[in-house]
Amino acid sequence: MSLDAVLGRLESTEAEQVDRLKAWLSMPSISTDPAYRSQTAEAADWCARRLRESGFEVRVLPTGSAGSPGHPVVLATTPGDAEYAGPHVLFYGHYDVQPADPVELWDSPPFEPVVVTDDAGRKRVVARGAVDDKGQVATFLEAMRAWHAETGKAAGGVRMTVLIEGEEESGSANLEQFVSEHSDELQACDVCVISDTGMLGRDRPAITYGIRGLTYTEVTLHGPDQDLHSGLWGGRVPNPINELVGVLSGLWDADRRVTLPGFYDSVRELGDDERAQWRSLGIDAAEALRSIGLPAEADIGEAGYTATEREWARPTCDINGIVGGYTGDGAKTVIPAQASAKVSFRLVADQDPSVVAKSFFAWLEARTPRGCRWTFHDHGGGLPATTPTESPAMQAARDALRDASGVEPSLIRSGGSIPVAGLLKASLGIDTIFVGFGLEDDRVHSPNEKFELDCFRLGRRTHARLVDRLWAIGR
């Protein structure tokens, strides 16, 4: 095997790689919107073709049920060489993307990817899904393509399974069932590698060893059986919007702690050593706020913790959307029949998403406004996951990233959620190593999402080098 030849191929074929990424990004695989079901399936098939071209045995498998079908999972495998003695790696990613709204805030159409140059001369791909997660998955796909081209072997002879799902951005509703149904195959894996996280900054590579979990809910407060004239009925009946915001405002106390009974009972507390390690990273909270148009005094959250500690190791609650009544142009004086809110909780070890959802719904029931009733919907979520920082596979990943970047990577946590990581740990005992290449200003889930070509290159080099390092474990 020749790592130099693989790296040389990656460098010489970059234009083709960017074209392939742009083709994938042009597919609006918005998993949460049924209107995009066919485009989402198209994105799955595209990914499957790239893996087949790299020598993998590939299946595109349905999820859900006949009455409630989900989006397909791309599952690929390669047995590896007989002499390979390293770990069996499971690579996970997702091909679905967030909705592009509000479309009018994009500088270019979200599903017509473009390569643009910023004021500093850096090139970037701009499109929905550029960094989350098609661009990052593409770094792996291109590394696998190069290894196959140079050796004629899938993954360069490393024993590997690849699972690319299509529902991560809509809660991975069918993933638990899928993992259960394929547990015999998946439990053969020793470790999972995911590229769906970020770095501390340009030239500051990092490996993430912990992510938060998620509970995502939708609640609706019902009042009258019709919209009412506010002049005739205002002050006489409950207004669902008024009542809803009044109830939800009680979710936090004066210290910005969540008020659900028992919410913090299972939270694994931070140790002094870990807090000191995070302080040594030199993360500038004020600068991060300035980058999103906020002053330093906007650094708010649970009392007693820094911004980094709140993001990486403390649970939160947020209202992600609220709607009711008339929201069009001009005026319409109504008391609405109902009002709804989407409310999510980011969780940390050892909180349970289902327990939090039930606790939240019970909390609302106990505060039902007079004359009103609730309907609840649990959109699902995922368990938090923290992985050991000392293992042969972790060391291989650290070495690969260091050699690819020329910088010793930091070990960090992430405030985001990737449901599969907690699921794999809970159901199969598989730890996950997060080797991500995103930047804080990549505008994840926002208009003008981007993935910088420097990060694309780093990801390709890292995954290519990881194959070589995995071989070294056996040697």
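The present account deals with the structure reproduced in this document.

Here is what the cut-offs are and how they apply
Residues numbered from 1 in each chain as written. Predicted model: local features only at pLDDT ≥ 70, side-chain atom pairs only at ≥ 80, totals over all residues. Heavy atoms only, no water. Helix = DSSP H or I, 4+ residues; strand = E, 2+ residues; numbered from the N terminus. Buried < 20%, exposed > 50% of the residue type's maximum accessible area, 1.4 Å probe, protein only. Contact = heavy atoms within 4.5 Å. Axes fitted to C-alpha atoms, helices over the stretch in contact; angles between N-to-C directions. Parallel < 35°, antiparallel > 145°, perpendicular 65-115°, else oblique. Left-handed = near helix turned anticlockwise from the far one by under 90°. Pairing = 2+ DSSP bridges.

This brings us to the side chain of Thr 208. Within the secondary structure, Thr 208 is located in strand 8 (residues 206-211). When its relative accessible area of 1% is taken as the criterion, Thr 208 is described as buried. Look past the residues within four positions of Thr 208 in its chain and what remains in contact with it is Thr 197, Gly 198, Ile 412, Arg 413, Ser 414, Ile 433 and Phe 434.

Relative orientation of the contacting elements helix 4 (residues 134-151) and helix 15 (residues 453-474) amounts to 50°, with a least axis distance of 8 Å. Put simply, helix 4 runs oblique to helix 15. Crossing handedness for the pair helix 4 and helix 15: right-handed. Here helix 4 contributes Gly 135, Ala 138, Thr 139, Phe 140, Glu 142, Ala 143, Met 144 and Trp 147 to the contact with helix 15, which in turn contributes Phe 456, Gly 459, Arg 460, His 463, Ala 464, Val 467 and Asp 468.

For the rest of this paragraph, the subject is the environment of Ala 23. Along the chain, Ala 23 turns up in helix 2 (residues 14-25). What makes Ala 23 partly exposed here is its relative accessible area of 32%. Sequence-wise, Ala 23 and Phe 361 are 338 residues apart; in three dimensions their C-alpha atoms are separated by 43 Å.

Backbone hydrogen bonds hold the strands of a sheet together, and the pairing may be parallel or antiparallel. If you walk across this open sheet you meet the four strands as 11-13-9-14, and the pairing is antiparallel. Since the sheet does not close on itself, it has two edges, and those belong to strand 11 (316-324) and strand 14 (373-382), each with one partner. Adjacent strand axes in the sheet meet at a mean angle of 15° when their direction is disregarded. Where strand 9 (residues 213-222) lies against strand 14, nine bridges are found, and the strand directions are antiparallel. Each bridged residue has a counterpart across the sheet, and for Val 219 the counterpart in strand 14 is Phe 376. Against the sheet, helix 8 (residues 240-248) makes contact with strand 9, strand 11, strand 13 (338-347) and strand 14, and its axis sits at roughly 20° relative to strand 13, the strand it touches most.

Time to look at the sheet that holds strand 5 (residues 123-126). Ordered in space as 4-5-18, the three strands form an open sheet in which the pairing is antiparallel. What marks the edges here is a single partner per strand, and that holds for strand 4 (114-117) and strand 18 (450-452). Averaged over all pairs of adjacent strands, the angle between their axes in this sheet comes to 30°, without regard to strand direction. Sheet topology places strand 5 next to strand 18; three bridges connect them, and they run antiparallel. From the neighbouring strand, Val 125 faces strand 18, where its bridge partner is Phe 451.

All quantities given are derived from atomic positions and should not be read as evidence of function.
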